[in-house]
Amino acid sequence: MRVVWAPVNYYGMAVRKDSGINTLADLKGKKVAYITANPSINVKTEAMLAFGGLTWDDVQKTEIPSYAAQADALKQGKLDAISMVPPASALYEVDSAVGIKWLPIPASDTEGWARLQKVAPWMKPGKDDRGAGLEKGKPQELMAYAYPMVTYAKQSADEVYSLVKAMDATFDKYKSAAPGLADWATDKVNVMPTGVPFHEGTVKFLKEKGLWTDEAEQKNQELIDRFKKIKDA
């Protein structure tokens, strides 16, 4: 696999406004959602617990059948904290009914971030003011990570290059189609390889824009070499 484009996504831990929970450390002993057969969500939750100095053993690990079901469970009081993206439609309903707030993940807490990144090394500090429980102009400190468009490594470099070039050229025509598309702008996307290497067609485009560094090239090659070793193994 190769990354074609890597917009940044924001993620956090939401609680009811009337919960009395103000930090991730306050979740000790509380009912925290664990999604059945969804390691992608559960590892994010585990990382945020680690930020607060907690593990699954420190909270009431409460199984929920799906990602979307978390919101209603929070509204009904069956959960104390849920792990979601702020723009989730189900969260707007909960916010209008009982009110929600996001537990801060401040970049200034370097020890907390060290614990978080030990669980989820691809995460980084980020701020966003779009979504349920957030106020425009007052961004909340959350987790941020690349949520990429991907393709196969064998995909034509010319096709990938043409695609990202067209996405850049026509950005103003589609940027308002959905709230998150603002993060698809060339000056906002992640340009440092993380986990999966960038496609050579994308690299060509980023080089033309002056966004590809020697560090990025080194990391990209390291990831390509790593996948070769995994394939051989």
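Here, the structure is the one placed above.
What about the overall build of the chain?
When helices and strands are counted, the chain shows eight helices and nine strands. In terms of overall size, the chain behaves like a compact globule, its C-alpha atoms giving a radius of gyration of 19 Å where 233 residues would be expected to give roughly 17 Å. Counting all 233 residues of the chain, 41% fall into the buried class. For the chain, contacts bridging at least 24 residues in sequence account for 69% of all contacts bridging at least 6. With the model as given, the accessible surface of the chain reaches about 12,300 Å², and the carbon-plus-sulfur share is 51%.

Focus on the packing of aromatic side chains
For any pair of aromatic rings, the description consists of the separation of the ring centres together with the inter-plane angle of the planes. Across all of its chains, the model carries seven aromatic pairs by this definition. For the pair W5 and F205, a centre-to-centre distance of 5.9 Å together with 65 degrees between the ring planes defines the contact as edge-to-face. In this pair, W5 sits in strand β1 (residues 2-5) while F205 sits in helix α7 (residues 200-208), placing the two residues 200 residues apart along the sequence. Comparing W5 with F205 shows no difference in burial state: the two are buried. Consider the rings of F51 and W113, whose centres lie 6.2 Å apart with planes at 80 degrees: the pair is edge-to-face. Residue F51 is located in helix α1 (residues 39-51), and its partner W113 is located in helix α4 (residues 110-119); the two are separated by 62 residues in the primary sequence. For the pair F51 and W113, one class covers both residues: buried. Among the aromatic residues, those joined into a ring-pair cluster are Y11, Y145 and Y147. Note that K154 overlies the ring of Y152, its terminal NZ or CZ placed 5.6 Å from the centroid. The ring of Y161 carries K204 above its face, with NZ or CZ at 4.3 Å from the centroid.

Considerations on the packing of α1 against α4
Running from amino to carboxyl end, α1 crosses α4 at an angle of 155 degrees, the nearest separation of the two axes being 7 Å. Comparing their axes, α4 and α1 come out roughly antiparallel. Crossing geometry of α1 relative to α4 is assigned as right-handed. Where α1 approaches α4, its residues V43, E46, A47, A50 and F51 are matched on the opposing element by G112, W113, R115, L116 and V119. Its residues placed into classes, the contact of α1 with α4 shows seven nonpolar, one polar and two charged.

Notes on α4
Among all positions in α4, only G112, W113 and L116 are buried. Burial along α4 is one-sided: seen end-on, the buried residues are contained in an arc of 95 degrees. Facing away from the buried side of α4 by more than 90 degrees, the exposed set consists of T110, E111 and K118. Elements that come into contact with the buried residues of α4 comprise α1, β7 (124-128) and β8 (140-146).

What to know about the packing of helix α5 (residues 157-169) against α7
At their nearest, the axes of α5 and α7 sit 7 Å apart, and the two run at 45 degrees to each other. Taken as axis vectors, α5 and α7 run oblique relative to one another. Crossing geometry of α5 relative to α7 is assigned as right-handed. Contacts between α5 and α7 involve A157, V160, Y161, V164, K165 and D168 on the former and, on the latter, E200, G201, T202, K204, F205 and E208. A class-by-class count of the residues in the contact of α5 with α7 yields five nonpolar, two polar and five charged.

Reading the values: rules and limits
Sequence order sets the numbering: in each chain, residues are counted from 1 along the sequence as written. pLDDT decides what is reported in this predicted model: residues at 70 or higher carry local features, side-chain atom pairs at 80 or more are listed and counted, and totals for whole chains, interfaces and linings draw on all residues regardless. Computation of side-chain values: all heavy atoms of the structure, hydrogens and water removed. A run of H or I in DSSP becomes a helix once it reaches four residues, and a run of E becomes a strand once it reaches two; helices and strands are each numbered from the N terminus. Restricting the calculation to C-alpha atoms gives the radius of gyration, and the globule rule supplies 2.2 Å times the number of residues raised to the power 0.38. Only protein chains enter the accessibility calculation, which uses a 1.4 Å probe. A residue is then buried if its area is under 20% of the maximum for its type, exposed if over 50%, and partly exposed in between. In what follows, a contact means two residues having at least one pair of non-hydrogen atoms within 4.5 Å. Using the Shrake-Rupley algorithm and a 1.4 Å probe, accessible areas are obtained, with residue cover drawn only from the displayed protein chains. Pairing of aromatic rings covers Phe, Tyr and the six-membered ring of Trp, with a centre-to-centre limit of 6.5 Å; geometry is then stacked below 30 degrees between planes, edge-to-face above 60, and tilted otherwise. The rule is short: NZ of Lys or CZ of Arg within 6 Å of the ring centre and within 35 degrees of the ring normal puts a charge over the ring. Each axis is a line fitted through C-alpha atoms, and for a helix only the stretch in contact is used; angles between axes span 0 to 180 degrees, taken between their N-to-C directions. Any angle that is under 35 degrees is reported as roughly parallel, and any over 145 degrees as roughly antiparallel; angles of 65 to 115 degrees are reported as roughly perpendicular and all others as oblique. Less than a right angle of anticlockwise turn of the near helix away from the far helix marks a crossing as left-handed, whereas a clockwise turn marks it as right-handed. Gly is put with the polar residues, along with every residue not named as nonpolar or charged; the nonpolar set is Ala, Val, Leu, Ile, Met, Phe, Trp, Tyr, Cys and Pro, and the charged set is Asp, Glu, Lys and Arg. In this context, the arc is that of the directions from the helix axis out to the C-beta atoms.

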